[in-house]
Amino acid sequence: MPQITETGKEFGEQESFISSLFKLFNRRLLADVVKYFLQLLDKDKDMSYGIAAIRTLLMILEKKQFGTIHILHTTMREAVAAMRNTDLSIAAIVSAGELFCRFITLSLDDKHMEECRLIMINRGKIFLDKLDNSRQVIAKQAQRFISDGCRILTHSRSRVVLKALITASQNKKSFHVFVTQGGTGNSGEEMIRDLNAAGIDCTLILDSATGYVMESVDFVMVGAEAVVESGGIINRIGSYTMGLCAREMKKPFYVLAESFKFTRLYPLNQRDLPNEYKYSRKHLSDVSKVHPLVDYTPPVYITLLFTDLGILTPSAVSDELIKLYM
């Protein structure tokens, strides 16, 4: 049996000490990451979780030095994991984090680490600038579908839907919007306040009144927390019910979503959605007595998706995902 020398012991102790210091440093870094992420959302209530996640990852690139690409990847993954633990909806955080890391690290072979970091920072800023303009792009696309005198049903509060409706109003179009309460919280009421402030006629309805109102509207327009590979969406609970009702009454069901919400997930039904997507973290230990916060609307119930990549049919989403991750 080989003997452990004193030098070997010292080396092992030194390695363990360095490892402990690294873990301590990482814990402090991740605590700062979460703090920065939450501060961004607190300062700008209209900032989506995905954009806040990307801004946070870009901040890490700008502030921290990395010895290797592997360490950078590891730090980014841990940062995304830390943001996922904030008890916010994780769908956009996960998809935006994956796309950002994929985009900034393409084709960086045979380059010095610091040169790589500067290239990634530049790419990150380009990526963020493009996404910051995505709501405006989507709002413009939706304009030819919003006509004078139309009646629109939307679910809860969606920032990108709100942008599209305000843009239509600014273009001198007159229409009426029915807004569901959106389950727990007051998101539907917030949407109503925003629409009233923009001078848009609107009515707050119960979620259970969806079927009653559906026959009198021209189309449904909702946002999404994530767009999955099948072309279906993950969105606030009740979206699936709305999709079912719209299909039965032959009403178009439009989804407005930024491309950073495209995620490599392929649920077949509600049970296929991971629990961490459906429930807040405080309830994950026992979900038997709480209701989910989101549901999955399959692509068969969706007419079109308005994105910053263009107006897509659900079947085209998988092709766009392939392009995004190539």
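Residues numbered from 1 in each chain as written. Predicted model: local features only at pLDDT ≥ 70, side-chain atom pairs only at ≥ 80, totals over all residues. Heavy atoms only, no water.

A. Focus on helix α2 (residues 49-63). Over its 15 residues, α2 runs 21 Å from end to end, which matches the ideal 21 Å to within 8%, given 1.5 Å per residue. Counting buried residues in α2 gives 11 out of 15 residues, a clear majority hidden from the surface. (Helix = DSSP H or I, 4+ residues; strand = E, 2+ residues; numbered from the N terminus. Expected span 1.5 Å × (residues − 1). Buried < 20%, exposed > 50% of the residue type's maximum accessible area, 1.4 Å probe, protein only.)

B. Seen up close, the pairing of strand β6 (residues 233-236). Here two bridges tie strand β5 (residues 226-227) to β6, and the two strands are oriented antiparallel to one another. Within the sheet, the bridge partner assigned to Val 227 lies in β6 and is Ile 233. Two successive antiparallel strands, β5 and β6, enclose a turn made up of five residues, where Gly 231 displays a positive phi of approximately 95°. (Pairing = 2+ DSSP bridges.)

C. Representation of the sheet that holds β6. Pairing is antiparallel across the open sheet formed by three strands, whose spatial order is β5-β6-β8. The sheet is open, and its two borders are formed by β5 and β8 (294-297), each paired with just one other strand.

D. Local environment of the layout of surface pockets. Taken as a whole, the largest pocket holds about 1200 Å³ of empty space. If you trace the largest pocket, you find 46 residues lining it, with Tyr 49, Ser 89, Arg 159, Glu 225 and Arg 236 closest to the centre. Of all elements in the fold, only α1 (6-43), α7 (159-170), α8 (187-197), β6 and α11 (275-278) reach the threshold of two or more residues within the lining of the largest pocket. Among the residues making up the lining of the largest pocket, the classes are represented as 15 nonpolar, 15 polar and 16 charged. A domain split of the lining of the largest pocket shows at least three residues from each of domain 1 (6-133) and domain 2 (137-325). (1 Å grid on protein atoms, 1.4 Å probe; cavity = no way out; pocket = protein on both sides within 12 Å on 5 of 7 lines; lining within 4 Å. Points joined across faces, edges and corners; volume = space filled by probe spheres on them. Nonpolar A, V, L, I, M, F, W, Y, C, P; charged D, E, K, R; others polar. Domains from an automatic or database assignment.)

E. Expanded view of the pattern of salt bridges. Applying the stated criterion across every chain, the model contains eight salt bridges. The partner of Lys 125 in a salt bridge is Glu 62, and the shortest N-O contact between them spans 3.7 Å. With a gap of 63 residues between them, Lys 125 in helix α5 (residues 113-132) and Glu 62 in helix α2 connect regions that are remote in the sequence. For Glu 62, a relative accessible area of 35% puts it in the partly exposed group. Between Glu 258 and Lys 261 there is a salt bridge, with its nearest N and O atoms 3.1 Å apart. Lys 261 carries the same exposure label as Glu 258, and that label is buried. Among the charged side chains, a salt-bridge network with shared partners connects Asp 46, Arg 157 and Asp 194. (Salt bridge = Lys/Arg side-chain N within 4 Å of Asp/Glu carboxyl O.)

F. A look at the sheet that holds strand β9 (residues 304-307). The mixed open sheet is built from seven strands, whose spatial order is β3-β2-β1-β4-β7-β9-β10. This sheet does not close on itself; its edge strands, each paired only once, are β3 (201-205) and β10 (310-312). Recorded for the sheet is a direction-independent mean angle of 25° between the axes of neighbouring strands. The strands touched by helix α6 (residues 134-142) within the sheet are β4 (219-222), β7 (253-256), β9 and β10, with β9 carrying the most contacts at an inclination of about 135°. Against the sheet, α8 makes contact with β1 (151-154), β2 (176-180) and β3, and its axis sits at roughly 170° relative to β3, the strand it touches most. (Axes fitted to C-alpha atoms, helices over the stretch in contact; angles between N-to-C directions. Contact = heavy atoms within 4.5 Å.)

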